[in-house]
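Okay, here's what each chain looks like letter by letter:
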Amino acid sequence: MIFSVDLLIEAIAFGILLGGFYAAVSLGLSVAFGLLDIPHVAHPAVLVLGAYGAFLLGQYGIDPIVAGLLLTPVFFALGAAFYRVYHIAFESRGDSAAVNGLAFFFGIVFIIEVLLVVFFGVDQQSAEAPYIGGSLAIGEMRLPYRLIVAFVVAIVLASVLSTYLSRTFYGRAIKAVGQDESALRLMGANPVKVKQLAFGIATGVNALAGAVLLIMAPVEPTMDRIYIGRTFCVVVLAGLGSMSGTIVAGLILGITESLVLMFLGTAWAPAVAFTLLLIMLALRPQGLFGR
Amino acid sequence: MRYWSACLIVILGIAGIAFSGINNYFFFAGFVVLQAVVLATAWNILGGYAGYVNFGVPAFVGAGAYTALFLHLSIKAPLIVQILGAALLAGVVGLLVGLLTVRLRGIFFSIATVALIFIFETLVINSRYLGGATGLQLTRPDPIIFENYTRGLVVVMAVMAVVAVSLARYIQESHIGRGLRAVRDSEEAAECSGVPTLKLKLLACTVSGALLGAAGAPMPMYLSYIEPASTFNLLYSVSALAMPIIGGMSHWIGPVIGALIIATLQQIVTVTISSELNVLVVGVLLVVFVVAAPDGIVGLVKRWKTSSK
């Protein structure tokens, strides 16, 4: 392949937009794992579930983004209820939660995958919307609208979450619960309730992020596996629980992946996130912006 | 003594059946069940005893399978050399993963092992010699002792299962097992009490990795075909983890019981209903057990014994 500046600029522009998308799909995990220390391996599976939810509503002619917004309260309730089960079964028991808690979420991954296969089949499903397919031409460069939509949603979502977490009482309580539960209890807040709220938010965000996933590419039930690497890579890179860090980390992953995609080929792209993740875990597990 | 006679009976029994005229399907399924015993036992050495959850089982199985393939393609190595080579390479990978435990615990360690799967898979996909993304069709060598090759493989797998279980039993009953249990309960406390935690963890990772790799080595010959997507399938992880948890992680017999029950059940469900539902069965059983019976079947039996006294 001949190296050219135009190509490099296009790869970086593409990477920035892709990075916004990766940040969007990682925000929920950033809350659940980053702030609450819940080993939420099932996050990508819930994400794909959200994508299928948007696909299902799309059958009735609803735009994916609108579908994602409609599903957010449903996912919020599901997440809050799910956290209750997790809390009773693992957190309140205390010991040996490490292995079993991880195994629990890992089991959930496969239950979601199989249910999606049973209801929707193994074939790829895609959405229809006016902005899917077209692209914005800037000079020689073509940027797909779907990427731009994903990027905008990511920025809006991250700003809303970040504002909520730093400006409101409950938002600050969520930030506090990950740091010192007993201190929070002394302040008169119930840590379990706060965590339930936070996990609900983390799951609710996934409905919208799932819709973005559907806009980005056709989805299939086992798609979550590759996103284990991407989402955890972003969250670890960001340093646990930082929303603005999540955006920056998403951009780093997006640009790296886009460069590899353009200069090495598609076959190498899936390993990018995992390699970055492994390097990060080996050298600086607390992340770039870690506390 | 009783243990070793039981092992001998298992191997001789399976070899005896392999000489008999039983339907070939039985062996096809038997291989999978015995392989499950090896995988579950190997996983448990690290996951059950030391508390480090390895999600990367397919990385080791795949590394083993592709090492075997490489040895087959390059020097036409016999099966036993393939298995030893696979165990060696996967053992080295295990050792390297063990070094990660210096810094990574809990979910960080688990996610790092998932990363290995995708990195290995990508390497294989980009290697034309190993068949790339489409895979390779292989011709099996002529069967030596038994009337067909699968029967021979089943006996080989039975020997591997006995080796794996014996190693797990030895580890559990020796100072290594005691040290690993201390690591699981509290790594800091273990370190302070003079347990050589890193040495033991490296040992556990190496042995576990080598056994997982060895279990993967006969795969290319068993299927006479190999391709990356099914070799590096994450389903190996959930099975290898569900079986010890369902059987019980604290005793070597737990993974054996779990593997025999789950793998047999999976074979029955795959044949009678569908292969998707067998994944659902494992997932649901895993979730039910970690919530309702975290000590597995062994734990349930223990509780039942003490309460009936």
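Residues numbered from 1 in each chain as written. Chains lettered and ligands numbered in written order. Predicted model: local features only at pLDDT ≥ 70, side-chain atom pairs only at ≥ 80, totals over all residues.

The helix and strand tally for chain B stands at 15 helices and two strands. Taken over the C-alpha trace, chain B has a radius of gyration of 19 Å; the compact-globule value for 309 residues is 19 Å, and the two agree within 12%. When the backbone C-alpha atoms are referred to their principal axes, chain B occupies close to 55 × 45 × 40 Å. For chain B, the residues scored as buried account for 53% of the 309 residues in total. Taking all contacts inside chain B whose residues are at least 6 apart in sequence as the whole, residues at least 24 apart take part in 79%. (Helix = DSSP H or I, 4+ residues; strand = E, 2+ residues; numbered from the N terminus. Rg over C-alpha atoms; globule rule 2.2 N^0.38 Å. Buried ≥ 20, exposed ≤ 12 C-beta atoms within 10 Å, placed from the backbone. Contact = placed C-beta atoms within 7 Å.)

Moving on: the overall build of chain A. Helix and strand content of chain A: eleven helices and two strands. Each helix and strand of chain A, placed in order from N terminus to C terminus, yields the pattern α-α-α-α-β-β-α-α-α-α-α-α-α. For chain A, the residues scored as buried account for 52% of the 291 residues in total. Nonlocal contacts in chain A, meaning residues at least 24 apart in sequence, comprise 78% of its contacts between residues at least 6 apart.

Okay, the nonpolar core next. A:Phe21, A:Ala24, A:Ala150, A:Val212, A:Leu277 and B:Leu39 are the most contacted members of the largest nonpolar core, which totals 209 residues. It is helix H8 (residues 191-216) of chain A that provides the largest number of residues to this core, a total of 15 residues. The residues touching A:Val212, leaving out its near neighbours within four places in the chain, are A:Phe21, A:Ala24, A:Val25, A:Ala150 and A:Val153. (Core = buried A, V, L, I, M, F, W, Y, C linked by C-beta atoms within 7 Å.)

Taken together, the contacts link 35 residues of chain B with 32 residues of chain A. For the side of chain B that touches chain A, the elements supplying multiple residues, two or more each, are helix H5 (106-125), helix H12 (235-247) and helix H14 (275-292) of chain B. Top element by residues in the side of chain B that touches chain A is H5(B). It accounts for twelve residues. By residue class, the composition of the side of chain B that touches chain A is 26 nonpolar, seven polar and two charged. (Nonpolar A, V, L, I, M, F, W, Y, C, P; charged D, E, K, R; others polar.)

Okay, the packing of helix H11 (residues 269-283) of chain A against H5(B) next. Remark: H11(A) packs on H5(B), axes separated minimally by 9 Å, with the N-to-C direction vectors making an angle of 140°. Relative to H5(B), the element H11(A) is oriented oblique. The handedness of the crossing between H11(A) and H5(B) is left-handed. Between H11(A), through A:Pro270, A:Ala271, A:Phe274, A:Thr275, A:Leu277, A:Leu278 and A:Leu281, and H5(B), the contact on the second element is made entirely by B:Phe108, B:Ile111, B:Ala112, B:Ala115, B:Phe118, B:Ile119 and B:Thr122. Grouping the constituent residues of the contact of H11(A) with H5(B) by class yields twelve nonpolar, two polar and no charged. (Axes fitted to C-alpha atoms, helices over the stretch in contact; angles between N-to-C directions. Parallel < 35°, antiparallel > 145°, perpendicular 65-115°, else oblique. Left-handed = near helix turned anticlockwise from the far one by under 90°.)

Okay, the packing of helix H13 (residues 253-272) of chain B against H14(B) next. Residue and element names in this part refer to chain B. Contact geometry for H13 and H14: axes closest at 8 Å, N-to-C directions at 150°. What the angle tells us is that H13 and H14 run roughly antiparallel. Considering only the axes of H13 and H14, their crossing is right-handed. Facing H13, whose interface residues are Ile-262, Leu-265, Gln-266, Val-269 and Thr-270, H14 presents Ser-275, Leu-277, Asn-278, Val-281 and Val-282. For the contact of H13 with H14, the class distribution of residues is six nonpolar, four polar and no charged.

All names here are of chain A. In this structure, strand E1 (residues 135-138) lies alongside strand E2 (residues 141-144), joined through four bridges in antiparallel fashion. When the sheet's bridge partners are listed, Ala-137 is paired in E2 with Arg-142. Counting the residues that bridge the hairpin from E1 to E2 gives two residues, and of these Gly-139 lies at a positive phi of roughly 60°. (Pairing = 2+ DSSP bridges.)

A few words on the environment of B:Leu153. Residue and element names in this part refer to chain B. Positionally, Leu-153 belongs in helix H6 (residues 149-173). Taking the C-alpha atoms as reference, Leu-153 lies 10 Å from Leu-34; in sequence the two are 119 residues apart. Apart from residues lying up to four places away in sequence, Leu-153 is in contact with Phe-31, Pro-218, Met-221 and Tyr-222.

Turning our eyes to something else, we now look at the confidence of the model for chain B. Parts of the prediction with low pLDDT should not have their coordinates interpreted in detail. On average, residues of chain B carry a pLDDT of 89, and 100% of them reach 70 or more. Predicted complex, confidence summary: ipTM 0.88, pTM 0.90. (pLDDT = per-residue confidence, 0-100.)

The next subject is the environment of A:Ala249. Residue and element names in this part refer to chain A. Within the secondary structure, Ala-249 sits in helix H10 (residues 243-263). Judged by the 28 C-beta atoms lying within 10 Å of it, Ala-249 is buried. Considering only alpha carbons, one finds Ala-249 and Val-236, 13 residues apart in sequence, at a separation of 8.5 Å. Setting aside chain neighbours within four positions, we find Ala-249 in contact with Val-234, Leu-237, Ala-238 and Leu-288.

It is worth spelling out helix H3 (residues 64-91) of chain A at this point. The end-to-end C-alpha distance of H3(A) is 36 Å, clearly below the 40 Å that 28 residues give at a rise of 1.5 Å each. At A:Thr72, H3(A) is bent by approximately 35°, the largest bend along its length, and proline A:Pro73 sits one to four residues beyond. (Expected span 1.5 Å × (residues − 1). Bend = angle between axes of the 7 residues up to and from the residue.)

Moving on to unusual backbone geometry. For residues besides glycine, phi is generally negative; the peptide bonds are generally trans as well. Residues and elements named next belong to chain B. Positive phi outside glycine occurs at Lys-76, with the angle close to 50°. If you trace the backbone, Lys-76 turns up in the loop between helix H3 (57-75) and helix H4 (79-100). By the C-beta count within 10 Å, which is 9 here, Lys-76 ends up exposed.

This part covers the environment of B:Ile297. Residues and elements named next belong to chain B. On the secondary structure map, Ile-297 appears in helix H15 (residues 296-308). Ile-297 gets classed as partly exposed once you count the C-beta atoms within 10 Å, which come to 18. With residues up to four places along the chain from it excluded, the contact list for Ile-297 reads Ile-246, Gly-247, Gly-248, Ile-257 and Gly-258.

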